Amino acid sequence: MRKNILLLFILFNFGSVFSQTDAITNLINETDELNLDMRDFVNYAKDKIKDKTELTKFFYYWVGTHIEYDYVLFQSVLDKTVDPNQFQSTQDEYVVYENRKGICAGYANLFKWFMNEIDIEAVVVSGHIRDERNHYVELSSDDNYRHAWNSIKLNNKWLLVDSTWGTSDDISVSDFYFDIDPNIAIISHYPSEPKWQLLENPLSLEEFNNSKFVKPIWFFSGYTDIPTLKADNDFYYLVYQSNPNKNCSVELMYSIDNSNFYPIKNLVKIEQDNFTYLRFPKKEISKTAYFKLNLTISKMYGNTRNTFITNGTINFKT
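First things first, this report covers the structure right here in the doc. (Residues numbered from 1 in each chain as written. Predicted model: local features only at pLDDT ≥ 70, side-chain atom pairs only at ≥ 80, totals over all residues. Heavy atoms only, no water.)

**Section: the overall build of the protein chain**
Definition in use: Secondary structure follows DSSP: runs of H or I at least 4 residues long count as helices, runs of E at least 2 residues long count as strands, and numbering of each begins at the N terminus. The reference for a compact globule is 2.2 Å times residues^0.38; the radius of gyration itself is calculated from the C-alpha atoms. The rule is simple: take the accessible area with a 1.4 Å probe, protein chains only, and divide by the maximum for that residue type; under 20% is buried, over 50% is exposed, in between is partly exposed. Computed with a 1.4 Å probe, the accessible areas rest on the Shrake-Rupley method; for each residue, only the protein chains presented here act as cover. Positive residues here are Lys and Arg, negative ones are Asp and Glu, while His and the chain termini are left out of the count. A single reference atom marks each charge: NZ on Lys, CZ on Arg, CG on Asp, CD on Glu.
Scanning the protein chain from terminus to terminus reveals 11 helices and 15 strands. Taken over C-alpha atoms, the radius of gyration comes to 21 Å for the protein chain, in line with the 20 Å a tight globule of 318 residues would show. By its C-alpha atoms, the protein chain is 65 × 50 × 40 Å across when sized along the principal axes. Taken across its 318 residues, the protein chain has 49% of its residues classed as buried. A total accessible area of about 16,000 Å² is found for the protein chain, and carbon and sulfur atoms account for 46% of it. In the protein chain, 32 side chains carry a positive charge and 42 a negative one; their mean positions are 7 Å apart.

Dropping the structure here:
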């Protein structure tokens, strides 16, 4: 339910497989000049864009740039001061379209309606999310972390789409949440029905909670895989594909209580065959330990180099 605001994304533009074409941009601007009801809006878009994939992305981008997240309503949900029936009515697709605001359920309902109108099979996926504030989901108590997103069947393949988290004027943020890689989506999105993980071997809740939490900025900065922790008799190795973006660096820290983190002693960085190995002695680490990887990115703006640090980019435990 909570809208994830990824402020660092606006600072970088690393590109994406999906991008907003001129046709989509022009049509969004064109429809802004019109006052169309929902069906006329859909028909207008269908007349302008014939390709189903482009049309699907048009509605995705339109929702992300035209529906305002309703923080007042969200807070009333957290405070349990809104009647459930009243809440459901505010997230009806027609209401969201007319009012141009909603929370995750409204975003998902509206996007599903658009998809159905252009003959794209779509479902609203309900579940929980985790982020840097909440690494471990407890279904019975984490109501504040309920969320809704979509799965759509495009070109005979089911895809994951989160138009709430994709809400941004920065196209690189929007692109990330259209056709999310299921192996990346499961880092943060845990659906109530395992089939909507879209994984060959869906994770149990325990596996989900024990898996690494990775902020999307890790992938946006140029890293392509999720680091794995390996070991031999004497050393641990945190292994990941090397980043061609040499403006990025990482710092690995550990804790015995998941609260106070310290740099790891005698850590050695090894670069080999396009992989990075962070090697450190086992004797320095307790049997149960919590790890946090911080990401530092430097970027030139004119003649000035700015440095941005994202603490807790990746979190995991032994």
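That covers the picture; the talk isn't over yet.
**Things to note about the packing of aromatic side chains**
Test applied: Note on aromatic contacts: the rings of Phe and Tyr and the six-membered ring of Trp form a pair at centre separations within 6.5 Å, being stacked when their planes are under 30 degrees apart, edge-to-face when over 60 apart, and tilted otherwise.
If you walk through the whole model with that rule in mind, you get 31 aromatic pairs. With 4.9 Å between their ring centres and 50° between their planes, F41 and W62 make a pair best called tilted. Here F41 is found in helix α2 (residues 38-48), whereas its partner W62 is found in helix α3 (residues 52-66), with 21 residues between them in sequence. The class for F41 is buried, based on a relative accessible area of 2%.

**Describing helix α7 (residues 104-117)**
What counts is decided by this rule: Expected helix span is given by 1.5 Å per residue-to-residue step, counting one fewer step than there are residues.
Look at α7: 20 Å from first C-alpha to last across 14 residues, which is about the 20 Å you get at 1.5 Å a residue. Counting buried positions along α7 gives 10 out of 14 residues, so the element sits mostly inside the fold. Every buried residue belonging to α7 is among C104, A105, G106, Y107, A108, L110, F111, W113, F114 and M115, and all of these are buried.

**Topic: the sheet that holds strand β15 (residues 304-317)**
Definition in use: Paired strands are those between which DSSP finds at least two bridges.
Pairing is antiparallel in the open sheet, where five strands are placed in the order β7-β15-β14-β10-β11. Every other strand in the sheet has two partners, leaving β7 (213-214) and β11 (262-263) as the edge strands with one partner each. Pairing geometry for strand β14 (residues 290-301) and β15, over 11 bridges, is antiparallel. From the neighbouring strand, T296 faces β15, where its bridge partner is I309.

**A few points about the nonpolar core**
Filter applied, for reference: Throughout, nonpolar core names a set of buried Ala, Val, Leu, Ile, Met, Phe, Trp, Tyr and Cys residues whose side chains join them through atoms within 4.5 Å. The contact rule is simple, with two residues in contact once any of their heavy atoms fall within 4.5 Å.
F58, F59, W62, L110, F114, M115 and F291 are the most contacted members of the largest nonpolar core, which has 76 residues in total. For F114, the residues in contact, after removing those within four places along its chain, are F41, V42, F59, W62, V63 and Y97. Counting residues in each nonpolar core, the second largest holds six residues, with I186, Y190, L203 and F208 among its members.

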